[in-house]
Amino acid sequence: MVKGAALRGYLLEEALAWLMRSSGYRLLVHESQDPQELVTDGSTLRVRGRGALHQVDALGEFAFTPAFSMPVRLFLEAKFYQQPCGLDIVRNAHGVLHDVNENFVMHAGRRPRQRYQYAYALFSTSGFSADAQKYALAHQISLVDLSGASFAWLLGTIGTTAWTLEQAQFHLGASGTFPVTWVRTELRKRLGTWSAPEGLLPTTAPANGRFRDEAEPAIAGFATALQQNSGAELLLGFPAAPFILPLSVSDQSAFTSYADVHPDHSVRIRRRGSGGSAEWTMSPLAEEGAYQLAFKLPEQVEDWISDIEGKERRRILEVKEQFLSAITIYRMNGGGVRAYQLRYEASSLSHF
């Protein structure tokens, strides 16, 4: 039997893959997309490491190769826990990342071979422990906190769907195995995130008809709820900092309409709340109502901002000037990728 927390995590990973559909990442789903690096074991996708094969539920490939780098692939793992993610989860991510990035050295030979730079992003609905944050920062694991108000609609929808699936699995009986691959495949078909040929779609369906009768409407309703929020996106912002910014876009057409005309523009950045509940917003300085992006900063940063009374405003400004002064966003535009620069300049504002 699959627990509710695991079901919520599976649904969150599929939702994130859909929300990031315009961030330049396509989902890799089958070994035919790269027979040298990927292995399809039954219905499970694995990535070759130097010492082992590693199961991966959501693996994205970035369409744009950064300067002085190799093509980038991103492990996406999501945790829908009631408590912050601990050190053990981040340590496991580091072990996987280290092993797959060293795989190339085991295949010496004369034939040229493509090589990738693998990255890892952990998404959590309840943040991360202090030890997990320190370890992730030291080993370049990106931690993304989804506890902000911008994701409340998504987390609520996931919770409802996971509860229905959790109840439906009782029809499978004590010896029945929950069909995780089937659920993921159905979602990828409905959301359009399956990127391999349709003939390679897993066809195995749960044998129990009563389970399907309850699960299929829940899956369809979840996909519909996401598609009804088609204006919502999750863009990845890359600041001059040792972390990434998950930028929630409530209206992607408003953002692209402005950013396509002004690919390099100044922004106003505001912080609402304090400590772990703080959420930040960005909007264009010249036309503040044109769009709004929302994000959260790592808890370590928020703790530093708030730990000395009377210095919060000064430290907010320091964070903006040192870490958020230039944020790069990549977004798919037709068949290509566009890059946007969002710049914060304190001297252009009368207040912060």
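Residues numbered from 1 in each chain as written. Predicted model: local features only at pLDDT ≥ 70, side-chain atom pairs only at ≥ 80, totals over all residues. Heavy atoms only, no water.

I keep staring at the side chain of T193 and nothing clicks. Help me out?
Following the sequence through the fold, T193 ends up in the loop between helix 5 (180–191) and helix 6 (209–228). Among the residues examined, T193 registers a relative accessible area of 10% and is labelled buried. Ignoring sequence-local partners within four residues, the contact set of T193 consists of A17, W18, L27, V29 and R188. (Helix = DSSP H or I, 4+ residues; strand = E, 2+ residues; numbered from the N terminus. Buried < 20%, exposed > 50% of the residue type's maximum accessible area, 1.4 Å probe, protein only. Contact = heavy atoms within 4.5 Å.)

Is there a simple way to think about the packing of helix 8 (residues 299–306) against helix 9 (residues 312–322) in this case?
Two quantities define a packed helix pair, namely the angle between the axes and the distance from one axis to the other. Following both chains from N to C, one finds helix 8 and helix 9 inclined at 140°, their axes separated by 8 Å at the closest point. Across from V301, W304, I305 and S306 in helix 8, the residues of helix 9 making contact are E312, R315, I316, E318 and V319. Its residues placed into classes, the contact of helix 8 with helix 9 shows five nonpolar, one polar and three charged. (Axes fitted to C-alpha atoms, helices over the stretch in contact; angles between N-to-C directions. Nonpolar A, V, L, I, M, F, W, Y, C, P; charged D, E, K, R; others polar.)

What exactly am I supposed to notice about the pattern of salt bridges here?
When their charged atoms lie close together, side chains carrying opposite charge are able to pair. Counted by the stated rule, this structure contains 20 salt bridges. Note that E13 is salt-bridged to R184, the shortest N-O span being 2.6 Å. You can see E13 sitting in helix 1 (residues 4–19) and its partner R184 sitting in helix 5, a full 171 residues away along the chain. Judged on exposure class, the residue E13 and its partner R184 are both buried. A salt bridge links E288 to R270; its shortest N-O distance comes to 2.2 Å. Pair noted here: E288 is in the loop between strand 12 (279–284) and strand 13 (293–295) and R270 is in strand 11 (residues 264–272), with a separation of 18 residues, a long-range link. Overall, the relative accessible area of 29% leaves R270 in the partly exposed class. (Salt bridge = Lys/Arg side-chain N within 4 Å of Asp/Glu carboxyl O.)

Where do I start with the sheet that holds strand 9 (residues 233–239) in this structure?
Working definition: the strands of a sheet are paired by backbone hydrogen bonds and lie parallel or antiparallel to each other. Here seven strands make up a closed barrel; going around it, the order is 9-10-13-12-11-15-14 and the pairing mixed. Strand-to-strand, the axes of this sheet are offset by a mean angle of 35°, without reference to chain direction. Summarising the sheet, strand 10 (residues 245–249) and strand 13 pair through two bridges and their orientation is antiparallel. Looking across to strand 13, one finds that S248 is bridged to A294. Most of the contacts of helix 7 (residues 252–261) go to strand 15 (residues 336–343), to which it runs at about 80°, and overall it touches strand 9, strand 10, strand 11, strand 12, strand 13, strand 14 (326–333) and strand 15. (Pairing = 2+ DSSP bridges.)

How do you make sense of the packing of aromatic side chains when you look at a structure like this?
Between two aromatic rings, the relevant description is the distance of the centres plus the angle of the planes. One pass over the full model with this rule turns up 13 aromatic pairs. Considering the side-chain rings of F178 and F211, the 5.6 Å spacing of their centres and the 90° angle between planes classify their relative orientation as edge-to-face. In this pair, F178 is assigned in the loop between helix 4 (152–168) and helix 5 and F211 in helix 6, connecting sequence segments 33 residues apart. The buried category is assigned to F178, whose relative accessible area is 7%. Their ring planes at 65° and their centres at 6.0 Å tell us that F243 and F323 sit as a pair that is edge-to-face. Highlighted residues: F243 in the loop between strand 9 and strand 10 and F323 in the loop between helix 9 and strand 14, separated in sequence by 80 residues. On the accessibility criterion, F243 (12% relative accessible area) is buried. (Phe/Tyr/Trp six-rings, centres within 6.5 Å; stacked < 30°, edge-to-face > 60°.)

Looking at this model, I keep getting lost on the domain arrangement of the protein chain. Mind explaining?
One can read the domain layout of the protein chain as domain 1 (4–147), domain 2 (152–230) and domain 3 (233–344). For domain 1 versus domain 2, the separation of C-alpha centres amounts to 22 Å. Residue-level contacts link 24 residues of domain 1 with 27 residues of domain 2. With both sides pooled, the region where domain 1 packs onto domain 2 buries about 2,300 Å², and carbon together with sulfur makes up 71% of that total. When the area that domain 1 buries against domain 2 is broken down by residue, the three leading residues are L11, E14 and W18, summing to 31%. Across the salt bridge formed by D57 and R184, the nearest N and O atoms sit 3.6 Å from each other. Taken together, the links from domain 1 to domain 2 amount to seven residue pairs in polar contact (both at pLDDT 80 or more). At the level of secondary structure, the elements contributing two or more residues to the side of domain 1 that touches domain 2 comprise helix 1 and strand 1 (25–28). With 12 residues, helix 1 is the single largest residue contributor to the side of domain 1 that touches domain 2. (Domains from an automatic or database assignment. Buried area = accessible area lost by both parts, 1.4 Å probe. Polar contact = N/O pair within 3.5 Å; in protein donor to acceptor, adjacent residues only side chain to side chain.)

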